Amino acid sequence: MNTSFHEAGNWTSCNDRTGIPDILDYIIVATGNTIDITQPVIIQGIAAGGTGGSLKIAESTDLILSDNTNAQIQSDIVFIADSNTCTTCNVSIRGGLKVLGGSLTIGSGIKVKLPDYSTNYIGDSSSFGALRTSHVSGNKPKVERYGENADRFQKFIIEGPIGTPSVINIDGLEMTDNDATSGLFEFQGYYTITNFDNID
């Protein structure tokens, strides 16, 4: 076994098509594991039950989370680039980002691309969610819109239930191409803001 996403022997209980996660699959990455993505990948998202492993995305490579109905992030995951200065290490979200039941951490060099005019959810009235950054000085993770004819994403709604508030810790997040006419972040219910500085 090695750390490649693209080898069937590195996955357990995967599909009976190729043994490698594909557009029909959710995945789990365990704590301490870093999985290397070196060519384009399309999966549904990150399944419940994960414990905070990492997906490392190579230069000029796209990871697409394709579920546009359910939450794409259902447990803890970290997206990191193979270089802190990467400008083409992309995670594209279909249908708008939904983080329910887990934490999404975005590292330096990662560019998260959101659909045009999307509303994006970190938690809801019954599920915790968290959005965090982890970056080195001068190399901010980015969030922007995607699509040849796309215009801009709209806003993030941060909400959590009583007892398990959702969390925002996004120091240094760079956000472009948004259409947040009534505020880029909308807070509802129960939430905790631990770092909200240096946002562009």
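Just so you know, these numbers come straight off a predicted model, no measurement behind them. (Residues numbered from 1 in each chain as written. Predicted model: local features only at pLDDT ≥ 70, side-chain atom pairs only at ≥ 80, totals over all residues. Heavy atoms only, no water.)

Here the focus is the overall build of the protein chain. A tally of helices and strands in the protein chain yields 0 helices and 19 strands. Scaling as 2.2 N^0.38, a compact globule of 200 residues should have a C-alpha radius of gyration of about 16 Å, and the protein chain matches this with 16 Å. C-alpha atoms of the protein chain, sized along the principal axes, occupy 45 × 35 × 30 Å. Taking all 200 residues of the protein chain together, the buried fraction comes to 48%. Restricting the contact set of the protein chain to residue pairs at least 6 apart, pairs at least 24 apart contribute 67%. For the protein chain, the accessible surface area stands at approximately 8900 Å², while carbon and sulfur atoms represent 45% of it. (Helix = DSSP H or I, 4+ residues; strand = E, 2+ residues; numbered from the N terminus. Rg over C-alpha atoms; globule rule 2.2 N^0.38 Å. Buried < 20%, exposed > 50% of the residue type's maximum accessible area, 1.4 Å probe, protein only. Contact = heavy atoms within 4.5 Å. Areas by Shrake-Rupley, 256 points an atom, 1.4 Å probe, with all protein chains shown as cover.)

Relative to the helices and strands, Asp 67 resides in the loop between strand E6 (61-65) and strand E7 (76-81). Residues Asp 67 and Gly 45, 22 residues apart in the sequence, show an inter-C-alpha distance of 6.6 Å. Contact partners of Asp 67, with chain neighbours within four places excluded, come to Tyr 26, Gln 44, Gln 72 and Arg 94.

The next point concerns the sheet that holds strand E19 (residues 191-195). Strands sit in the order E2-E5-E7-E10-E13-E16-E19 across an open sheet of 7 strands; the sheet is parallel. A strand with exactly one partner marks an edge of an open sheet, and here the two such strands are strand E2 (34-37) and E19. Shown here is a sheet whose adjacent strand axes are inclined to one another by a mean of 20°, direction ignored. (Pairing = 2+ DSSP bridges. Axes fitted to C-alpha atoms, helices over the stretch in contact; angles between N-to-C directions.)

Core analysis: the largest hydrophobic core is formed by 39 residues, its most contacted members being Leu 55, Leu 63, Phe 79 and Phe 156. Excluding residues within four positions of it along the chain, Leu 63 makes contact with Ile 37, Val 41, Ile 43, Leu 55, Ile 57, Phe 79, Asn 90, Val 91 and Ser 92. (Core = buried A, V, L, I, M, F, W, Y, C linked by side-chain atoms within 4.5 Å.)

Here the focus is the state of the cysteines. Per the counting criterion, the structure on display carries 1 disulfide. What pairs with Cys 86 in a disulfide is Cys 89, and their sulfur atoms sit 2.0 Å apart. Here the S-S torsion is close to 100°, and the disulfide linking Cys 86 with Cys 89 is therefore right-handed. The pair formed by Cys 86 and Cys 89 is uniform in burial state, with each residue classed as buried. (Disulfide = S-S within 2.5 Å.)

For the coordinates displayed, the defined rule picks out 6 aromatic pairs. Ring centres of Phe 156 and Phe 185 lie 5.6 Å apart, and the angle between their planes is 25°; this geometry places the pair in the stacked category. A residue pair is termed long-range when its members are at least 10 positions apart, and Phe 156 in strand E15 (residues 155-160) and Phe 185 in strand E18 (residues 185-189) qualify at 29 residues. When sorted by exposure, Phe 156 lands in the same class as Phe 185, which is buried. Each ring, one from Phe 187 and one from Tyr 191, has its centre 4.8 Å from the other, and the planes form 40°; the classification is tilted. Residue Tyr 191 is classed as partly exposed on the basis of its relative accessible area of 37%. An aromatic cluster is built from Phe 156, Phe 185, Phe 187, Tyr 191 and Phe 196, whose rings are joined through pairwise contacts. (Phe/Tyr/Trp six-rings, centres within 6.5 Å; stacked < 30°, edge-to-face > 60°.)

Judged by pairing direction, the sheet is parallel, and its 4 strands sit side by side in the order E9-E12-E15-E18 without closing on themselves. Only two strands of the sheet have a single neighbouring strand rather than two, namely strand E9 (98-99) and E18. Where E9 meets strand E12 (residues 119-122), 2 bridges bridge the pair, whose relative direction is parallel. When the bridges of E12 are listed, Val 99 appears paired with Ile 122.

Time to look at the pairing of E6. Consecutive side chains along a regular strand alternate between the two faces of the sheet. Within E6, 4 of the 5 residues are buried, which leaves the element mostly enclosed by the surrounding structure. Sheet analysis places strand E3 (residues 41-43) next to E6, joined by 3 bridges and oriented parallel. The partner of Ile 43 across the bridge, within E6, is Leu 65. As paired elements, E6 and strand E8 (residues 89-93) share 5 bridges and run parallel to each other. Following the sheet pairing, Asp 62 is matched in E8 by Asn 90.

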